[in-house]
Amino acid sequence: MSTDIYYSIYSSPHGDIALSANDIGLTALAFQSGPAALDLPDDYQKYETLFIKVHQQLDEYFSGERTTFNLALSPQGTPFQQKVWQALTTIKQGETKSYAWLAEKINNKKAVRAVGTANGANPIALIIPCHRVIGSNGKLTGYAGGLALKAKLLMHEKAQFKV
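Please read all numbers here as calculations on a predicted model, not as lab measurements. (Residues numbered from 1 in each chain as written. Predicted model: local features only at pLDDT ≥ 70, side-chain atom pairs only at ≥ 80, totals over all residues. Heavy atoms only, no water.)

Visitor: Honestly, the pattern of salt bridges in this entry has me stumped. Any pointers?
Guide: Should their charged atoms come close, side chains of opposite charge can pair. Taken as a whole, this structure holds three salt bridges when the rule is applied. Across the pair E60 and R66 runs a salt bridge, and its minimum N-O distance is 2.8 Å. Take E60: its relative accessible area is 19%, and that puts it in the buried class. (Salt bridge = Lys/Arg side-chain N within 4 Å of Asp/Glu carboxyl O. Buried < 20%, exposed > 50% of the residue type's maximum accessible area, 1.4 Å probe, protein only.)

Written out as structure tokens, the structure reads:
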């Protein structure tokens, strides 16, 4: 198996999104205008054809036609992070959940802070919907793309939250 990493840039209504993938699936999705922009090293290879399905599903999401993604994913992280990221995929569009809910979902009620850290380390934003996690009080909390972007995504999804 190859260890090559490929990339593409997607133009969204909220700015450019950098995408990267390996031979297994998508490894990263990052809004480039926010504080968590994806650094694209020189050894990454531009390969637009590999990302046709990703671009199509993002087009459908932003146009309101798609509520779930069906893509091969290959996020790199610890077993704990992988467990949190898998739990995130169960939050449906239009819903929000708290960090406490997420900790309970992975059967570790006391790990709220660790869950928050793992949520913040999610490398495939939007598709692994970390933006759907908000504070227990219903207010927005941190997001790698910035709180303004998080609010825009949740409004697009018609989710309830407090400002």
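Visitor: Could you clarify how one ought to interpret the sheet that holds strand β4 (residues 45–46) in this entry?
Guide: Through backbone hydrogen bonds, the strands of a sheet pair up, either in parallel or in antiparallel fashion. Taken in spatial order, the four strands of this open sheet run β3-β2-β1-β4, and their pairing is mixed. Since the sheet does not close on itself, it has two edges, and those belong to β3 (26–31) and β4, each with one partner. (Pairing = 2+ DSSP bridges. Helix = DSSP H or I, 4+ residues; strand = E, 2+ residues; numbered from the N terminus.)

Visitor: Got a minute to help me understand the side chain of R66 in this structure?
Guide: Residue placement: R66 occurs in the loop between α1 (52–62) and α2 (79–88). For R66, the side chain forms a polar contact with the side chain of E60, separated by 2.8 Å. Polar side-chain contacts of R66 include one of 2.8 Å to the backbone oxygen of T68. Setting aside residues no more than four positions away along its own chain, R66 makes contact with Q57, E60, Y61 and Q93. (Polar contact = N/O pair within 3.5 Å; in protein donor to acceptor, adjacent residues only side chain to side chain. Contact = heavy atoms within 4.5 Å.)

Visitor: I tried to follow the nonpolar core on my own but got confused; where do I start?
Guide: Side chains of nonpolar character tend, in soluble globular proteins, to be buried together. Core analysis: the biggest nonpolar cluster contains 37 residues, and L19, L29, F31, L58 and F62 have the highest contact counts within it. Broken down by secondary-structure element, the contributors of at least two residues to this core are β1 (6–12), β2 (15–21), β3, α1, α2, α3 (99–105), α4 (112–120) and α5 (147–156). Residues in contact with L19, not counting those within four places in the same chain, are Y6, Y7, S8, Y10, L26, A28, L29, F51, V54, H55 and L58. Counting residues in each nonpolar core, the second largest holds five residues, with L140, A151, L154 and A159 among its members. (Core = buried A, V, L, I, M, F, W, Y, C linked by side-chain atoms within 4.5 Å.)

Visitor: Would you take a moment to explain the packing of aromatic side chains for this structure?
Guide: Considering all chains together, one arrives at four aromatic pairs under this definition. Considering the side-chain rings of Y10 and F62, the 6.3 Å spacing of their centres and the 15° angle between planes classify their relative orientation as stacked. Of this pair, Y10 sits in strand β1 while F62 is found in helix α1, placing the two residues 52 residues apart along the sequence. With respect to burial, Y10 and F62 carry one shared label: buried. An aromatic cluster is defined as three or more aromatic residues linked by ring pairs; in this entry it consists of Y10, Y61, F62 and F69. (Phe/Tyr/Trp six-rings, centres within 6.5 Å; stacked < 30°, edge-to-face > 60°.)

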